[in-house]
Every structure is written in structure tokens, then in C-alpha cells.
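Residue-level structure breakdown
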Amino acid sequence: MHLEKPSWTCVTQAPEILGESAVWSVAENALYWVAIRGMALLRLDAATGRIDRHPFDELLGGVVLEQGGTVLLALRDAIHRFDPRSGRRRRLLTLENGLAENRLNEFKCDPQSRLWCGSMWDYGEQVRGSLYVVEADGR
């Protein structure tokens, strides 16, 4: 069997620490991801190569796109709605209440519009965490 040499292109060399949770927006022709240690949401415009950086005052664990240009963010202990155009954010749901050593990590939406979010002991020093699912109706 002959395997073709894989082809790839580096689209950016953004100097961020621990970039994760990449998600493509077909509507915007843009890539979103979080810099966990850099405490920022990033957006790469594929047409121009421009990277918009939205800083936060806490760690981010993931991003999920919403219709209309807003995004959901898994911050240290809660899910927030964020509008990159206005810079406004609103806490929607606290998941890790009272667990200061934990942080939310990884955050995705499934085909049934449920949000899945994991948590972990920061820096992986202990094996402790949870997996959450939030139904489309907010339960």
C-alpha cells in the first residue's frame, strides 16, 4: 500500500500558550480558538489572515459558536455568552461552584444542540474532574 505524503499549511504562528478548542465558522469564513494560559479568545479571518484577540481576566477552556455572531465560552467555572463585536459578556451557568483548583476544559456542541463540557484539576496535578451536559432548554 502506498500512502500519500500528508499536506498541511500553517495558517498562523500566533504566539499564544496552550491553544485549544478550534472551531470553524462557515458563515464568517473564520477560525475561532482559545488560548487557555493566554486567557484570550482568538479569531482568524481566513480571507485576510487577520487575527482578532479578545482578552479575558480568567482562563478559557473552550468556545462554541452561536447563530448571529455570538459565542459561548467555557471560562474557569462557568459558561458565558460573549459578543466579539461589542465585547459584552454574560454569565449563563456556573458548573464548577466552589472548586477553586478546577477549571473547565474542552467545550463542544452536539447535533442535538446539547453542550458538553469537561472540567479538570488545573495543571493535571490530581485526577479530579467532571463531565457536564447542558440540554438545549438549559437543563
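Residues numbered from 1 in each chain as written. Predicted model: local features only at pLDDT ≥ 70, side-chain atom pairs only at ≥ 80, totals over all residues. Heavy atoms only, no water.

Observations concerning the sheet that holds strand 1 (residues 19–25)
The condition that has to hold: Whether two strands pair comes down to DSSP finding at least two bridges between them. Only DSSP runs of H or I with at least four residues qualify as helices, and only runs of E with at least two residues qualify as strands; both kinds are numbered from the N terminus onward. For helices, the axis comes from a line fit to the C-alpha atoms of the stretch in contact; other axes are also lines fit to C-alpha atoms, and the angle between any two N-to-C directions lies between 0 and 180 degrees.
Taken together, the 4 strands give an open sheet; going across it, the order is 1-2-3-4, and neighbouring strands pair in antiparallel fashion. Of all strands in the sheet, those bounded by a partner on one side alone are strand 1 and strand 4 (51–55). Adjacent strand axes in the sheet meet at a mean angle of 20° when their direction is disregarded. Looking at chain direction, strand 3 (residues 40–45) and strand 4 are connected through 5 bridges and run antiparallel.

A short note on the pairing of strand 5 (residues 60–65)
To keep things clear, this is the line we draw: Each residue is placed in one exposure class: buried if its accessible area under a 1.4 Å probe, protein chains only, is under 20% of its type's maximum, exposed if it is over 50%, and partly exposed if it falls in between.
For strand 5, a buried count of 5 out of 6 residues is recorded, marking the element as mostly surrounded by other parts of the structure. Relative to strand 6 (residues 71–75), strand 5 runs antiparallel, the two sharing 5 bridges. Of the residues in strand 6, the one forming a bridge with Val64 is Leu72. Connecting strand 5 to the next strand, strand 6, in antiparallel fashion are 5 residues, including Gly68 with a positive phi near 90°.

Some details on the sheet that holds strand 11 (residues 131–134)
In spatial order, the strands read 9-10-11; together these 3 strands make up an open sheet with antiparallel pairing. Strands at the two margins of the open sheet, each flanked by one partner only, are strand 9 (102–109) and strand 11. The sheet shows a mean angle of 25° between the axes of neighbouring strands, direction not considered.

What about unusual backbone geometry?
Excluding glycine, residues mostly have negative phi values, and the peptide bonds linking residues are mostly trans. Phi angles above zero are rare outside glycine, and Met39 is one such case at about 50°. Following the sequence through the fold, Met39 ends up in the loop between strand 2 (30–35) and strand 3. Take Met39: its relative accessible area is 29%, and that puts it in the partly exposed class.

Some thoughts on the environment of Leu99
Relative to the elements of secondary structure, Leu99 occurs in the loop between strand 8 (89–94) and strand 9. Residue classification places Leu99 among the partly exposed residues on the basis of a relative accessible area of 33%. For the pair Leu99 and Arg114, spaced 15 residues apart in sequence, the C-alpha to C-alpha distance is 24 Å.

Points about a nonpolar patch on the surface
Heads up, the condition is: Patches here are clusters of residues that have more than 30% relative accessible area and form no salt bridge, with a 9 Å joining cutoff for like charges and a 5 Å cutoff for nonpolar side chains (Val, Leu, Ile, Met, Phe, Trp, Tyr). Every accessible area reported is derived by Shrake-Rupley at a probe size of 1.4 Å, with residue values counting cover from the shown protein chains alone. Salt bridge, as used here: a side-chain nitrogen of Lys or Arg that lies within 4 Å of a carboxyl oxygen of Asp or Glu.
Taken together, the side chains of Trp116, Leu131 and Val133 define a hydrophobic patch exposed on the protein surface, amounting to about 280 Å² of accessible area. Positionally, Leu131 belongs in strand 11.

A closer look at the layout of surface pockets
By rolling a water-sized probe across the atoms, one finds the places where empty space is left. Applied cut-off: Put plainly, a pocket is an open set of points on a 1 Å grid over the protein atoms alone with protein on both sides within 12 Å along at least five of seven lines, a cavity is a set where a 1.4 Å probe fits but cannot get out, and a lining residue has an atom within 4 Å of a point. Grid points are joined across faces, edges and corners, and a volume is the space filled by probe spheres set on the points. Residue polarity follows a fixed list, in which Ala, Val, Leu, Ile, Met, Phe, Trp, Tyr, Cys and Pro are nonpolar, Asp, Glu, Lys and Arg are charged, and the others, Gly among them, are polar.
In this model, the largest pocket occupies a volume close to 310 Å³. Lining the largest pocket are 15 residues, with Glu66, Leu72, Arg81, Leu115 and Ala136 positioned closest to its centre. The set of elements that each furnish at least two residues to the lining of the largest pocket consists of strand 5, strand 7 (78–82) and strand 8. Residues of the lining of the largest pocket, tallied by class, amount to 10 nonpolar, 2 polar and 3 charged.

In short, geometric facts, not functional conclusions.
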